[in-house]
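A look at the structure
Spelled out, the chains give:
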Amino acid sequence: MALLEVKALNAGYGRFHILFDLDFKVEKQEILIIVGPNGSGKSTTLKAIFGIAKVYSGNIIYNEKDITRLPPHAKARIGLAYLPQTDNVFAELTVEENLRMAGYTLPPALVEERVEKVLESFPFLKSKLKDKAKSLSGGQRQLLAMAMTLIREPDLIMFDEPTAGLAPIAAKEVVEKIIWLRDELGKTIILVEQNAKLGLEIGDNALLLVSGRIAFYGKAQELLENKDLGRLYLGLAK
Amino acid sequence: MVEIIPSGVFLMSAIAYAAALGLLSMGLSLTYVTTRVANFAHATIGMLGAIVMLFLIDRVYYEGASYQLFIVGPLLSFVVAGVFAMIMYLLVMKPLQDKGNDVIGLMIATFAIDIILLNILSFLLNAMTGKHLPKLYGVNIGPWDPTIQCCGLELKASNFVLPIAAVLLTLIFHLFLTKTKFGVAMRATIENPNLAAVMGVNTNLVYTVSWFVSGALAGVAGSLIAFSLKDTSPNSSALIIVSVFAGSIVGGLTSIYWGLVGGFIVGLAEKLLTSIINALYNGYFAPALGLPEIAIINYEKVMSLGLVIIVLLFAPQGLAGVDWSKLKQKILRR
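Notes on the structure follow. (Residues numbered from 1 in each chain as written. Chains lettered and ligands numbered in written order. Predicted model: local features only at pLDDT ≥ 70, side-chain atom pairs only at ≥ 80, totals over all residues.)

Points about the overall build of chain A
A tally of regular secondary structure across chain A gives 9 helices and 10 strands. Computed over C-alpha atoms, the radius of gyration of chain A comes to 17 Å, within 12% of the 18 Å expected from 2.2 N^0.38 for 238 residues, which places it in the range of a compact globule. Expressed along its principal axes, the backbone C-alpha trace of chain A runs to roughly 50 × 40 × 35 Å. Counting all 238 residues of chain A, 45% fall into the buried class. Here the analysis covers contacts within chain A between residues at least 6 apart in sequence; of these, 68% occur between residues at least 24 apart. (Helix = DSSP H or I, 4+ residues; strand = E, 2+ residues; numbered from the N terminus. Rg over C-alpha atoms; globule rule 2.2 N^0.38 Å. Buried ≥ 20, exposed ≤ 12 C-beta atoms within 10 Å, placed from the backbone. Contact = placed C-beta atoms within 7 Å.)

Next up, the structure:
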């Protein structure tokens, strides 16, 4: 049974219809990569699943339950997590306050425990607990955002272009953490990635969106080897 | 010889007025940063506090000045005005916002609520007769403000209680925002509502609470400022709201704490600057230059609004937008 199933999803913002009839599934411990040209609806797909964009029709099934109409804060409570592309940490709050905010839905004692646990995996944060998040570098912020996501121990994590604007070495670190999430912690991941090659190399399955419609859905490796689609939409040479 | 330095009594009343404006401006900034509503009904909501005082005096404390009134009154006003603001948000502002109205539409709606509330209150106060007071509309409750002997001065109790209440409430609110889970969630929601929702924060609850707090702070300010008004009628809010907005704008509208500072500065400017300029002009310039006397003391609002223009010319984002550490370095370098 798939962890997440999206059926005939139509979504957008107000009157701006962006996604048309999306159908796809995400199995447990899978990395699904969403790629596509700018403005193809990659981010909107994540937002629609999480309840931030407006869903006009279709269903979102999570763990066999229809969650299409749940508000975002309720989705956060049942094991979904979403990392926005930008502004994904609270810049004006300290690192510690950010981590505690991330455990907002949990009992206080559990938050303490989880913060300790997450700091073990992200040791660089230990020395920065009292610093405001705005003092962190771009890569550090992405890792803090990821650490925040883990506080709630979600089952499904959706990343929106986590490597955008990062130096190659920082991007590599972020990608390695994502693979670690799946392999070591058994998380299921949906990753929207602007660097198609990088994304497809780590993805199990891939979804290529073009103008809000699915142009390819299948094994990530297959899309990587599909010269026509790669050249047309993903800027993959040859 | 004309006195340019204001008397201690006047100074204390100016500080009290400034503290009230600080509380009001802080509340105004709060609902602005959370829900993007510039609430023109804010001062009238504050006047609910004055009306609570009026009723307390009419029903309970009619026999004369009582210190107890200064504890019961502000507390009751805190609840009454807070609950009203909360209901106003849930019943009017939120549905309008959900329908997609923008900042301007919402602002106009607050104008409407202000006028409706003013008229209802005026009507009720005019129609009702007091139990012990001869009337309820336009009563001067000044006589119920006990006089305190301090430092050789005769000071009014409300002038003491207001600054204390302002400091206390700000402190409590600050602790709430930094030490409680919900307070941190509130700051998080102010900064990034979508992300806060992603973390599981019920942002609607945060907005509702922010309206309650905003109204409650206004209620306390209104209940205590009522003693220095010539008459306790809801219409006093029409003049106060101008200064409240001036305070929030001087503060920058984007910061709760700077709203408090802005309100305080505007309050002091209105009272002290006008008094000093009045003394200087009528005491020295007018006689020396043969100019007619002008009661500059009556033009308080020119001060507050003038201050808004000056601050915005030098700091378009208000005081909150000033890079103070940079400014300090600049000054020190000289």
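Looking at the overall build of chain B
Counting secondary structure elements, chain B contains 12 helices and 2 strands. When the elements of chain B are put in sequence order from the N terminus, they spell out α-α-α-α-β-β-α-α-α-α-α-α-α-α. Overall, the C-alpha framework of chain B stretches about 65 × 65 × 35 Å when taken along its three principal axes. When the 334 residues of chain B are sorted by exposure, 48% land in the buried category.

Things to note about the sheet that holds strand β7 (residues 156-160) of chain A
All names here are of chain A. Sheet architecture is open: 6 strands sit in the order β6-β7-β8-β3-β9-β10, paired in mixed fashion. Each of the sheet's edge strands pairs with one partner strand only, and the pair in question is β6 (80-83) and β10 (213-219). Shown here is a sheet whose adjacent strand axes are inclined to one another by a mean of 15 degrees, direction ignored. Strand direction decides the pairing type here: β6 and β7, joined by 4 bridges, are parallel. By the bridge assignment for β7, Leu-83 is matched with Phe-159. Against the sheet, helix α1 (residues 42-50) touches β3 (31-35), β6, β7, β8 (188-192) and β9 (205-210), its axis set at about 145 degrees to β7. Contacts from helix α6 (residues 168-185) reach β3, β7 and β8 within the one sheet, and its direction differs from that of β8 by about 155 degrees. (Pairing = 2+ DSSP bridges. Axes fitted to C-alpha atoms, helices over the stretch in contact; angles between N-to-C directions.)

Observations concerning helix α11 (residues 300-314) of chain B
The end-to-end C-alpha distance of α11(B), which contains 15 residues, comes to 22 Å, matching closely the 21 Å that a straight helix rising 1.5 Å per residue would cover. The secondary structure elements touched by the buried residues of α11(B) are α9 (237-251) and α10 (256-289) of chain B. (Expected span 1.5 Å × (residues − 1).)

Regarding unusual backbone geometry
Residue and element names in this part refer to chain A. The backbone of Asn-63 shows a phi angle near 50 degrees, a positive value even though the residue is not glycine. By the secondary structure assignment, Asn-63 is in the loop between β4 (54-62) and β5 (65-66). Its identity as a non-glycine residue notwithstanding, Asp-87 has a phi of 50 degrees, on the positive side. A count of 13 C-beta atoms within 10 Å places Asp-87 in the partly exposed class.

Observations concerning the sheet that holds β4(A)
Residue and element names in this part refer to chain A. Ordered by their spatial adjacency, 4 strands build an open sheet running β2-β1-β4-β5, and the pairing between neighbours is antiparallel. The sheet terminates laterally at β2 (16-26) and β5, the two strands that pair on one side only. The sheet contact formed by strand β1 (residues 4-13) and β2 spans 7 bridges and is antiparallel. Counterpart to Tyr-13 in the pairing with β2 is Phe-16.

Section: the pairing of β3(A)
Residues and elements named next belong to chain A. Burial of β3 is extensive: 5 of the 5 residues sit out of reach of the surface. Side chains Ile-31, Ile-33 and Val-35 of β3 all project onto a buried face; the interleaved residues Leu-32 and Ile-34 project onto the opposite face, where all are buried too. Here β3 runs beside β8; their pairing, made up of 4 bridges, is parallel. The residue bridging Ile-31 from the neighbouring strand is Ile-189, located in β8. As defined by bridge partners, β3 adjoins β9 across 4 bridges and the pair is classed as parallel. When the sheet's bridge partners are listed, Ile-34 is paired in β9 with Leu-207.

Structural notes on the interface of chain A and chain B
Counting residues at the interface gives 20 residues for chain A and 14 residues for chain B. Elements supplying a minimum of two residues to the side of chain A that touches chain B: α2 (72-77) and α3 (95-102) of chain A.

Observations regarding the environment of Phe124(A)
Looking at the element boundaries, Phe124(A) is found in the loop between α4 (108-121) and α5 (138-151). Linking Phe124(A) and Leu143(A), residues 19 residues apart in sequence, is a C-alpha distance of 9.6 Å.

Quick look at the nonpolar core
Most often, soluble globular proteins keep nonpolar side chains buried together rather than apart. The biggest cluster of nonpolar side chains holds 171 residues, and the ones touching the most others in it are Leu144(A), Met158(A), Ala20(B), Leu23(B) and Leu224(B). Looking at this core, the element that brings in the most residues is helix α1 (residues 8-35) of chain B, giving 15 residues. Aside from chain neighbours lying at most four places away, what touches Leu224(B) is Ala20(B), Pro74(B), Ser158(B), Val161(B), Leu162(B) and Ala165(B). (Core = buried A, V, L, I, M, F, W, Y, C linked by C-beta atoms within 7 Å.)

Some points on the packing of helix α2 (residues 42-59) of chain B against α9(B)
Residue and element names in this part refer to chain B. α9 packs onto α2 with a crossing angle of 120 degrees between their chain directions and a minimal axis gap of 8 Å. With respect to α9, the element α2 is oriented oblique. Crossing of α2 over α9 shows right-handed handedness. Here His-42, Ala-43, Thr-44, Gly-46 and Met-47 of α2 lie close against α9, whose contacting residues are Ser-237, Ile-240, Ile-241 and Val-244. (Parallel < 35°, antiparallel > 145°, perpendicular 65-115°, else oblique. Left-handed = near helix turned anticlockwise from the far one by under 90°.)

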